[in-house]
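Per-entry structural report
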Amino acid sequence: MIPFLNLKSVNAELRTELLDACARVIDSGWYIGGNELAAFEQEFAAYCSTTHCIGVANGLDALTLTLRAWLELGRLQEGDEVIVPANTYIATLLAITENHLKPVLVEPDEGSFNLSHAAVAAAITPRTKAIIPVHLYGRLAQMPELLDLASEHQLLVLEDAAQGHGASLSGRKAGNWGDAAGFSFYPGKNLGALGDAGAITTSDDELAETLRALRNYGSHEKYRNLFQGVNSRLDEIQAAILRVKLQHLDRQTEQRRRIARCYLDLIEHPAVTLPAWGEEQQHVWHLFVVLSKQREQLQQQLTRSGIQTLIHYPIAPHRQNAYPELGHLQLPITERLHDEVLSLPMDPSMTLEQAHEVAQAINNATL
Ligand SMILES: *Cc1c(COP(=O)(O)O)cnc(C)c1O
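So, how was this worked out
- Residues numbered from 1 in each chain as written.
- Predicted model: local features only at pLDDT ≥ 70, side-chain atom pairs only at ≥ 80, totals over all residues.
- Heavy atoms only, no water.
- UniProt positions renumbered as here; feature names shortened; annotations may be inferred.
- Helix = DSSP H or I, 4+ residues; strand = E, 2+ residues; numbered from the N terminus.
- Contact = heavy atoms within 4.5 Å.
- Buried < 20%, exposed > 50% of the residue type's maximum accessible area, 1.4 Å probe, protein only.
- Disulfide = S-S within 2.5 Å.
- Pairing = 2+ DSSP bridges.
- Near = heavy atom within 4 Å.
- Polar contact = N/O pair within 3.5 Å; in protein donor to acceptor, adjacent residues only side chain to side chain.
- Areas by Shrake-Rupley, 256 points an atom, 1.4 Å probe, with all protein chains shown as cover.
- 1 Å grid on protein atoms, 1.4 Å probe; cavity = no way out; pocket = protein on both sides within 12 Å on 5 of 7 lines; lining within 4 Å.
- Sits in = over half its atoms within 2 Å of the grid points.

Turning our eyes to something else, we now look at the UniProt feature "active site" (unreviewed entry) in the protein chain. Mapped onto this numbering, the UniProt entry gives "active site" (unreviewed entry) at K189. Tracing the chain through its elements places K189 in the loop between β8 (180-184) and β9 (198-202). Once residues within four sequence positions are removed from consideration, K189 is found in contact with A162, H165, S184 and H286.

In this structure, Y313 follows H312 across a cis peptide bond, with omega equal to 10°. With respect to the helices, strands and loops of the structure, Y313 is situated in the loop between α10 (295-304) and α11 (332-340). Here the phi dihedral of H100 falls at roughly 60°; this positive angle occurs in a residue that is not glycine. In this structure, H100 sits in the loop between α5 (90-98) and β3 (102-106). A positive phi is found at Y223, a non-glycine position, where the angle reads about 65°. Of note, Y223 is situated in the loop between β10 (219-221) and β11 (224-225).

Tracing the sequence through the fold places L211 in helix α8 (residues 205-214). Sequence-distant contacts of L211, that is, excluding residues within four places in its chain, are made with I54, L65, T66, A69 and I200.

With that out of the way, let us pick up the UniProt feature "modified residue: N6-(pyridoxal phosphate)lysine" (unreviewed entry) in the protein chain. With numbering matched to this structure, UniProt assigns "modified residue: N6-(pyridoxal phosphate)lysine" (unreviewed entry) to K189. What makes K189 buried here is its relative accessible area of 18%.

Here we take up the state of the cysteines. For the structure shown, the criterion picks out zero disulfides. Here C48 is not cross-linked by a disulfide; its sulfur's nearest cysteine counterpart is in C53, at 7.2 Å. We classify C48 as buried; its relative accessible area is 2%.

With that settled, consider the pairing of strand β12 (residues 288-291). Side chains of β12 alternate between two faces, with F288 and V290 and V289 and L291 buried alike. In terms of strand pairing, β12 meets strand β13 (residues 341-344) through four bridges, oriented antiparallel. Bridged to V289 within β13 is S343.

Take the site of the ligand next. Around the ligand sit N58, G59, L60, Y89, A91, V134, D160, A162, Q163, S184 and K189, and those are all the residues in its vicinity. Residue L60 places a main-chain N or O atom 2.9 Å away from an oxygen atom belonging to the ligand. A distance of 2.8 Å is found between a nitrogen atom of the ligand and a side-chain nitrogen or oxygen belonging to D160. Contact with the protein chains hides 89% of the accessible area of the ligand, taken as 380 Å² for the molecule alone. Taking a 2 Å distance to the grid points as the criterion, the majority of the atoms of the ligand fall inside the largest pocket.

Put into structure tokens, the structure is as follows:
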């Protein structure tokens with residue numbers, strides 16, 4: 001049996017270090033907003049080469065609170081249009097609508113699954129005030145082109161980096177391209193806690209200060225409240241765990257790359273399309289997603305061979321009951337992708353023999 005992602009074995013490799021980190025927190029007597037959080041924020045900001053990292057409770061909060069901070073700072077107004085890829089995970093949209101901003105769904109580029117510069121340019125109106133590029137599946141969006149557009153039209157850029165820890169282009173990492181970036185440390189993400197956690201990275205001092213208040217009831221100083229904030233905190237114990245896991249991230253990314261290379265070299269089936277392979281050095285392969293018009297048969301046959309696959313995502317956000325106001329949209333590329341995508345096992349604790357086995361099973365599939 002080859003699982004899609006064996007988190008138990010990923011974390012078992014780090015068991016001693018993780019237990020030491022937990023013991024350190026338990027013995028410290030300090031469980032919220034202490035040294036572990038401060039140290040993780042510093043280490044993750046250094047990893048992304050930004051001035052600030054602000055830990056929050058989860059990735060959705062990281063995105064939601066950043067937009068909220070821009071509203072508080074007067075850089076956005078309710079009703080402003082925010083451009084977002086139509087094929088993203090629904091959390092990206094939830095962050096927009098939670099803030100009474102208007103999501104403008106843009107079709108992705110079929111090869112990279114990410115926002116294309118041309119489609120974004122076509123969607124810009126006088127009411128557009130921000131773009132949220134998503135580094136979907138671990139591949140950096142077309143950031144240089146998108147930043148050019150943003151500066152031309154004075155748009156804020158918020159990276160949804162929940163799937164892109166460590167992805168880079170010309171040495172510049174995800175989290176360090178936009179005005180700010182939201183990260184998730186959900187257990188299954190490339191950098192995953194043992195529970196919920198998230199963070200924002202930015203080099204904007206004013207934004208960072210606003211976010212530090214917003215996550216803490218709107219308060220900078222005890223019992224003084226500048227904003228109607230929320231409680232969105234990254235616990236000491238998760239921060240301590242993330243500090244351990246950050247030290248192993250690049251090594252795990254290398255193993256993801258070896259697995260991806262194995263799939264790319266070996267999978268050869270006329271009914272299966274491999275993901276575009278260009279800037280392979282930068283891709284962090286959160287997911288390895290193939291396309292097939294016979295996706296259901298392919299998935300069933302792989303299941304019968306003991307190979308677990310998943311679909312990211314089966315239903316596009318504009319087709320969800322949650323968004324009846326988007327139901328009229330015609331987004332044929334997005335809809336086709338949702339019908340054809342299949343995510344193969346991708347796990348840093350997986351062996352190359354297992355990757356060979358997956359590739360063989362695909363090549364032998366009768367579609
Ligand atoms: C996981 C994810 C989120 C949300 O992160 P949580 O920590 O689960 O709230 C947002 N955007 C994308 C693209 C994600 O993959």
